[in-house]
Amino acid sequence: MKYSGWPDPGELVVGKIDEIEDFGVFVDLEEYEDKRGLIHISEVASGWIKNVRDHVREGQIVVCKVLDVDEGSQQIDLSLKDVNDHQRSDKIQEWKNEQKADNWMELAFGEEIADEDYTAIANDLIAIHGGLYEGFKQAAIHGTEALDDTDLDDDEIASIVETARENVSVPYVNVTGYVDLENPTETGVDGIREALEAAEGNGEVPEEVDLEVSYVGAPEYRITVRAPNYKTAESQLEDSAQRAVAAIEGHGGAGEYHRERRTDDE
């Protein structure tokens, strides 16, 4: 997918060097439809330049900073020297991610999808999440909830979520905590079992979270949470422990949550 408009001054853009002249370099913008920019020789590299070809080559993918845009004269002035290594690396990765998402759109809706339909869906994702890749990423993590604020219909949302969860590599984090559960009352083991079921969420744990409770050694149980980020993981861990403690106390027993293991090694 390419944008139909114009880049803004100060924006970083990805381009392919199309033509090299003594006075500068012409660049086809990879992210914008039918847009071409010029890097003046003074913006190719710092210091005096004897030969432009010592610094760039035709067909090279470059990241440039937009200096000026004149829509009337169809001119975009670019700078290569004003982009540092960190900016270049981040922009190239962003561009590659958007290319992946472009392929995911075809997987979700087929290669024969009409241009206007593709554009409408893509614009919806970009409007809410800032980009196609981020839209698919959020759909992989949060499911249909990530697309609630879009104007997409149920079938379109389902296609995006299914494709995202099959193709997006989501960075997950794991956290672990422990809960001690004791129940000297007549409900005994049944009360412990109920508390463990409460810890596991009784089917109410968010779809993007994996939560597991396992036995360590009486009276200690391990709670392991896998989630898209630490904030969610920590919250789900604490909620799980609190549910277990509340359940066991409801039976007249006692419970305590702690982050470090207390029993001997297994």
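Residues numbered from 1 in each chain as written. Predicted model: local features only at pLDDT ≥ 70, side-chain atom pairs only at ≥ 80, totals over all residues. Heavy atoms only, no water.

- Per an unreviewed UniProt entry, the chain carries the name Translation initiation factor 2 subunit alpha and comes from Natrinema gari JCM 14663.
- Its UniProt record gives the chain the following Function (unreviewed entry) comment, quoted word for word: "eIF-2 functions in the early steps of protein synthesis by forming a ternary complex with GTP and initiator tRNA."
- Per UniProt, the chain has the following entry under Sequence similarities (unreviewed entry): "Belongs to the eIF-2-alpha family." (UniProt positions renumbered as here; feature names shortened; annotations may be inferred.)

### Some points on the pairing of strand S5 (residues 75–79)
1) Next: Pairing analysis gives two bridges linking strand S3 (residues 36–40) to S5, with the strands arranged parallel. Residue isoleucine 39 lies in a different strand from S5, and its bridge partner there is leucine 78.
2) Next: Taken together, the five bridges between strand S4 (residues 61–70) and S5 define a ladder with antiparallel strand orientation. Bridge pairing in S5 places aspartate 68 opposite aspartate 77.
3) Next: Between S4 and S5, which follow one another and run antiparallel, lie four residues, and glutamine 74 among them has a positive phi close to 55 degrees. (Pairing = 2+ DSSP bridges. Helix = DSSP H or I, 4+ residues; strand = E, 2+ residues; numbered from the N terminus.)

### Let's talk about the nonpolar core
1) Next: Counting 24 residues, the largest nonpolar core has Val179, Leu181, Val213, Tyr221, Ile223 and Val225 as its most contacted members.
2) Next: Of all the secondary structure elements, the ones that give two or more residues to this core are strand S6 (173–182), helix H5 (188–199), strand S7 (210–217), strand S8 (220–227) and helix H6 (230–250).
3) Next: If we ignore the near neighbours within four places in the chain, the residues touching valine 225 are Val173, Asn174, Val175, Val209, Asp210, Leu211, Ala233, Gln236 and Leu237.
4) Next: Listed in part, the 22 residues of the second largest apolar core include Met105, Ala139, Leu147 and Val168. (Core = buried A, V, L, I, M, F, W, Y, C linked by side-chain atoms within 4.5 Å. Buried < 20%, exposed > 50% of the residue type's maximum accessible area, 1.4 Å probe, protein only. Contact = heavy atoms within 4.5 Å.)

### Some remarks on the domain arrangement of the chain
1) Next: One can read the domain layout of the chain as domain 1 (11–82), domain 2 (87–167) and domain 3 (173–258).
2) Next: For domain 2 and domain 3, the distance between their C-alpha centroids amounts to 36 Å. (Domains from an automatic or database assignment.)

### Considering the sheet that holds strand S9 (residues 254–258)
1) Next: Taken in spatial order, the four strands line up as S7-S8-S6-S9 in an open sheet, and their pairing is antiparallel. One side of each edge strand has no neighbouring strand; the edge strands of this open sheet are S7 and S9. With direction set aside, neighbouring strand axes in the sheet form an average angle of 25 degrees.
2) Next: As paired strands, S6 and S9 are joined by five bridges and run antiparallel to one another. Paired with aspartate 180 across the bridge in S9 is glutamate 256.
3) Next: In the packing of H5 onto the sheet, contacts are made with S6, S7 and S8, and the angle to S6 comes to roughly 160 degrees.
4) Next: Along the sheet face, H6 touches S6, S7, S8 and S9 and points at about 10 degrees away from the line of S6. (Axes fitted to C-alpha atoms, helices over the stretch in contact; angles between N-to-C directions.)

### Let's talk about the UniProt feature "domain: S1 motif" (unreviewed entry) in the chain
1) Next: Listed under "domain: S1 motif" (unreviewed entry) in the UniProt record, and renumbered for this structure, are residues 10–81.
2) Next: Measuring from the first to the last C-alpha atom of residues 10–81 gives 13 Å, for a span that is 0% helix and 50% strand.

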